[in-house]
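Each chain, written out:
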Amino acid sequence: MKVCKFGGSSLADAFQIKKVCDIVFADEDRKVVVVSAPGKRNREDIKVTDLLIAVAKAHLAGQDYEKEISAVIARFEDIANSLEVTSILPEIENTLRAVADAKITDDVKYLDSVKAMGEDCCARLVACYLNSIGHKAKYCNPKECGLFLKHNELGKAVILGESYDNLSNLGKGDELCIFPGFYGYSKEGEIITFSRGGSDITGSILAAAVGASVYENWTDVDNVYAVNPEIIKNPFPITEITYDEMRELAYAGFSVLHEEALYPVFVRGIPVHIKNTNNPSSKGTKIVSKRTHYDSLVTGVAGEKGFATITISKYLMNKEVGFLMNLIRILAEEGISVEHMPSGIDSVTIIVRKKNFPVEKEEVVVNRIKNELNVQNIKIARDLAIVMIVGEAMANSVGIMARAASALGNAGINLRIVNQGASEISMMFGVDEAYVSYAVRVLYKELFKI
Ligand code: ASP
């Protein structure tokens with residue numbers, strides 16, 4: 001059985017929804033279909049999820065939200081009219097209004113419940129359309145199917161283990177199962193959404209639960225590319241990539257799938273196939289646990305801004321037992337997650353994401369490190385970008401670091417940090433934020449020889 005997830009651009013209007021249905025019919029193994037909310041029809045358009053957020057915000061601010069909710073209803077009306085399934089419209093409007101009009105007891109819970117309605121109504125509509133053209137399909141409600149979530153200590157939505165058993169029979173009947181992405185329920189029956197783009201996670205959970213042969217993730221590009229196409233035109237397409245490589249590239253800003261989406265399929269070894277709804281015959285990109293082939297030595301190059309460094313120097317640091325442990329403890333107590341920690345003999349640099357280390361925290365962190373660790377020298381910089389070269393094939397080849405470093409050097413880019421993990425799957429360079437795209441371009445040109 002295949003689980004397929006379709007993103008917002010694949011469901012943006014009736015024309016796109018018809019393409020989705022053709023894709024589903026083309027393979028009888030496609031039994032479970034996860035849908036996002038209708039996305040943008042053109043560059044200026046607004047995603048249904050954003051329209052819903054506007055509804056919730058207006059209500060939360062105590063304002064009238066009729067204009068906002070009418071915009072959401074109009075999007076569904078437009079699609080239902082073109083698909084000739086207007087009979088579903090009262091159900092969609094009632095569902096939307098019931099959730100939007102609900103009494104607000106908790107702002108976050110209310111926002112979650114309204115946000116989820118884009119996916120919910122889209123699943124109802126697609127199921128109705130499929131039945132109208134003679135295919136058995138069922139809207140599957142996440143609560144009835146047992147997709148239970150909770151918030152972890154950081155407020156993030158995480159799945160409750162029992163959900164996998166609850167969901168394991170999906171798609172086993174003769175009906176297509178149309179499942180709304182992006183949300184589940186708490187055990188208390190309240191809606192909980194994942195973070196934005198979270199329908200990818202739903203698809204992955206369902207693929208894991210039913211033991212799918214593949215998790216197909218349908219989007220609007222032919223492939224994942226070796227570099228961001230906004231930096232390099234017509235970049236090298238990736239036909240196959242491992243979960244580990246994907247994770248490394250995602251870390252440095254590759255935004256193909258939601259960051260948390262790979263985990264459920266990764267632990268069960270289920271491959272992910274990224275495909276283009278607008279060009280189904282293109283090969284797409286497979287994410288697998290073990291490669292069958294390598295198209296190139298380097299799989300991808302990516303770069304991301306938004307890092308800060310805390311550099312601490314103390315004479316004879318290397319002799320002081322427990323120094324690093326105490327340093328890390330202070331950061332942990334302040335709720336700051338450490339990304340990397342390159343060190344010298346008498347100095348260490350902690351690399352963190354700026355969003356996890358707000359400026360307001362600087363004073364307390366600096367004071368604690370100074371006082372508790374008896375350190376005189378601390379320097380904070382908030383302008384670091386990370387550039388990564390990723391590829392499992394690099395492990396046994398000599399000279400890639402030399403080529404990369406000299407290409408960057410010849411381009412006049414100063415390397416502030418260099419790091420190669422022992423797994424040799426990636427190399428990381430820290431550069432000034434201002435140079436990040438330039439550095440990615442230089443590295444791509446050198447390593448892909450264009
Ligand atoms: N509709 C949600 C969003 O726009 C979730 C998703 O599409 O995956 O973020």
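Scroll up to find the structure.
Because the structure is a prediction, the values reported are computed rather than measured.

Put simply, the second largest pocket is a space of about 280 Å³. Forming the boundary of the second largest pocket are 14 residues, of which Tyr243, Arg247, Glu259, Leu262 and Tyr263 lie nearest the centre. A total of five residues in the lining of the second largest pocket trace back to one element, the largest contributor, which is helix 10 (residues 243-251). Class assignment of the residues belonging to the lining of the second largest pocket gives a composition of nine nonpolar, one polar and four charged.

Let us now look at the sheet that holds strand 16 (residues 347-353). Strands sit in the order 16-15-17-19-18 across an open sheet of five strands; the sheet is antiparallel. Each edge of the sheet is formed by a strand with only one pairing partner; in this case those strands are strand 16 and strand 18 (417-420). With direction set aside, neighbouring strand axes in the sheet form an average angle of 30°. Note: strand 18 against strand 19 (residues 426-432), four bridges, orientation antiparallel. Residue pairing for strand 19: Asn419 is matched across the bridge by Met428. Helix 12 (residues 323-333) contacts strand 15 (300-313) and strand 16 of the sheet and is inclined by roughly 25° relative to strand 16. In this fold helix 14 (residues 400-410) packs onto strand 17 (377-390), strand 18 and strand 19, with an angle of close to 15° to the strand it touches most, strand 19.

A word on the site of the ligand. Looking at the ligand, the residues that line it are Ser36, Ala37, Thr49, Glu119, Phe182, Arg196, Gly197, Gly198 and Ser199. One of the side-chain N or O atoms of Ser36 is found 3.1 Å from an oxygen atom in the ligand. Between an oxygen atom of the ligand and a main-chain N or O atom of Ser199, the distance comes to 3.0 Å. Contact with the protein chains covers 91% of the free accessible surface of the ligand, which is 270 Å². Residue classes in the shell around the ligand are distributed as two nonpolar, five polar and two charged.

Okay, empty space enclosed by the protein next. Within this structure, the stated rule accounts for two cavities of 30 Å³ or more. The computed volume of the largest cavity comes to approximately 60 Å³. Among the residues forming the lining of the largest cavity, the class breakdown is four nonpolar, three polar and three charged. Taken as a whole, the second largest cavity holds about 30 Å³ of empty space. Forming the walls of the second largest cavity are Val20, Cys21, Val24, Val33, Val126, Leu130 and Ile178. Among the secondary structure elements, those contributing two or more residues to the lining of the second largest cavity are helix 1 (14-25) and helix 6 (117-132).

With that out of the way, let us pick up the sheet that holds strand 6 (residues 176-180). In any sheet, the strands associate via hydrogen bonds between backbone groups, in a parallel or an antiparallel arrangement. The strand order across the open sheet built from eight strands is 3-6-2-1-9-13-14-12, with neighbouring strands paired in mixed fashion. Both edges of this open sheet fall to strand 3 (137-139) and strand 12 (240-242), since each of them pairs with a single strand only. Adjacent strand axes in the sheet meet at a mean angle of 20° when their direction is disregarded. On top of the sheet, helix 6 reaches strand 2 (30-35), strand 3 and strand 6; it is set at about 160° to strand 6, its chief contact.

Between helix 2 (residues 48-60) and helix 3 (residues 66-83), the shortest axis-to-axis distance is 8 Å and the interhelical angle comes to 155°. Looking at the two axes, helix 2 sits roughly antiparallel to helix 3. Helix-helix and strand crossings are classified by hand; for helix 2 and helix 3 the assignment is left-handed. Across the interface between the two elements, Val48, Leu51, Leu52, Ala54, Val55 and Ala58 of helix 2 pack against Glu68, Ile69, Ala71, Val72, Arg75 and Phe76 of helix 3. Taken together, the residues of the contact of helix 2 with helix 3 break down into 10 nonpolar, no polar and two charged.

Criteria and cut-off values
Residues numbered from 1 in each chain as written. Predicted model: local features only at pLDDT ≥ 70, side-chain atom pairs only at ≥ 80, totals over all residues. Heavy atoms only, no water. 1 Å grid on protein atoms, 1.4 Å probe; cavity = no way out; pocket = protein on both sides within 12 Å on 5 of 7 lines; lining within 4 Å. Points joined across faces, edges and corners; volume = space filled by probe spheres on them. Helix = DSSP H or I, 4+ residues; strand = E, 2+ residues; numbered from the N terminus. Nonpolar A, V, L, I, M, F, W, Y, C, P; charged D, E, K, R; others polar. Pairing = 2+ DSSP bridges. Axes fitted to C-alpha atoms, helices over the stretch in contact; angles between N-to-C directions. Contact = heavy atoms within 4.5 Å. Near = heavy atom within 4 Å. Polar contact = N/O pair within 3.5 Å; in protein donor to acceptor, adjacent residues only side chain to side chain. Areas by Shrake-Rupley, 256 points an atom, 1.4 Å probe, with all protein chains shown as cover. Parallel < 35°, antiparallel > 145°, perpendicular 65-115°, else oblique. Left-handed = near helix turned anticlockwise from the far one by under 90°.

Take it as geometry only, folks, not as evidence of what the structure does.
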